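# Residue-level structure breakdown
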Amino acid sequence: MTVKKMVLAAAAVAAALVLGACGGASEQAAVQQVAATTAVTSTAPTTSAPPVTTTSAAPAPSTSSSAPAPSSSSKTSTSKKTTSTTTKAKAAPAGVPCSATVDACVDLSAKKAWLLSGGEVVYGPVQIMPGSASDPTPVGTFRVSAKVKDYHSREFDAPMPYSVFFQPGIAFHQGSLSKYSHGCIHLSPSASQKFFGTLASGDTVQVVR
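Let me sum up the structure you'll find in this document. (Residues numbered from 1 in each chain as written. Predicted model: local features only at pLDDT ≥ 70, side-chain atom pairs only at ≥ 80, totals over all residues. Heavy atoms only, no water.)

A few words on the sheet that holds strand β7 (residues 170-174). Spatially, the 4 strands line up as an open sheet ordered β5-β6-β7-β8, and their pairing is mixed. Looking at which strands have only one partner, the edges of the open sheet turn out to be β5 (146-153) and β8 (185-187). On average, adjacent strands in this sheet sit at an angle of 30° to one another, irrespective of strand direction. Bridge analysis of β7 against β8 gives 3 bridges, and the strand direction is parallel. Note on β8: the bridge partner recorded for Phe 172 is Ile 185. Helix α3 (residues 189-198) rests against β5, β6 (158-167), β7 and β8 of the sheet, and its axis sits at about 40° to β6. (Pairing = 2+ DSSP bridges. Helix = DSSP H or I, 4+ residues; strand = E, 2+ residues; numbered from the N terminus. Axes fitted to C-alpha atoms, helices over the stretch in contact; angles between N-to-C directions. Contact = heavy atoms within 4.5 Å.)

Structure (structure tokens):
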């Protein structure tokens, strides 16, 4: 046993004797502190251990060094193709010699008439009787100006039921389908009522020859 270990052992025995002999709290605390210090010192190695050299290993490749994933915030620009639409004039229905945009069509040569809506035939063709050679029905495009259900012609002293005027003195109305008119468009009773109920002021009437 070395001299230092002997001294430490003797100190420990003396501390134990004092702890057993004295009962003062302060004294006991002091002895306990000395005993704890002695115990720690006695267990410490007397020779210095060779220094330990710590070799730091090469750091593992960082996963953060990989190519960054595409950012979700980046928006992919999508080019939209603009298709130019050319609006073509709608063709009139087959067999109708007037423009598709009119509301009523009259064919003087064929002695027929139609009602149209949105370029489609909604009524007709129906038989008509136009004006005579001496009192011809005017040709062209006109607008409905007035409607009179029970009109009576003062000039010719004749009834003109369901009159739809599209020119001064010229109208669709119920009349004979065997005799020429004085320029008006004669219709059958049912056709005249249909024209009267369908056409409104401002509607377009086209008359062709």
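After presenting the structure, the write-up continues.
What follows is about the sheet that holds strand β2 (residues 112-117). Taken in spatial order, the 5 strands of this open sheet run β3-β2-β1-β9-β4, and their pairing is mixed. With one partner strand each, in any of the chains shown, β3 (120-127) and β4 (140-143) form the two edges of the open sheet. Within the sheet, the average angular offset between the axes of one strand and its neighbour, ignoring direction, is 20°. Across 4 bridges, strand β1 (residues 104-107) lies against strand β9 (residues 204-208) in parallel orientation. Looking at the pairing, Asp 107 lines up with Val 208 of β9. Each of β2 and β3 touches α3; the most contacted strand, β3, lies at about 145° to it.

For the structure shown, the criterion picks out 1 disulfide. With its sulfur 1.9 Å from that of its partner, Cys 98 forms a disulfide with Cys 105. Disulfide Cys 98-Cys 105: the torsion about the S-S bond is 70°, which places it as right-handed. Accessibility expressed as a relative area gives 5% for Cys 98, which makes it buried. (Disulfide = S-S within 2.5 Å. Buried < 20%, exposed > 50% of the residue type's maximum accessible area, 1.4 Å probe, protein only.)

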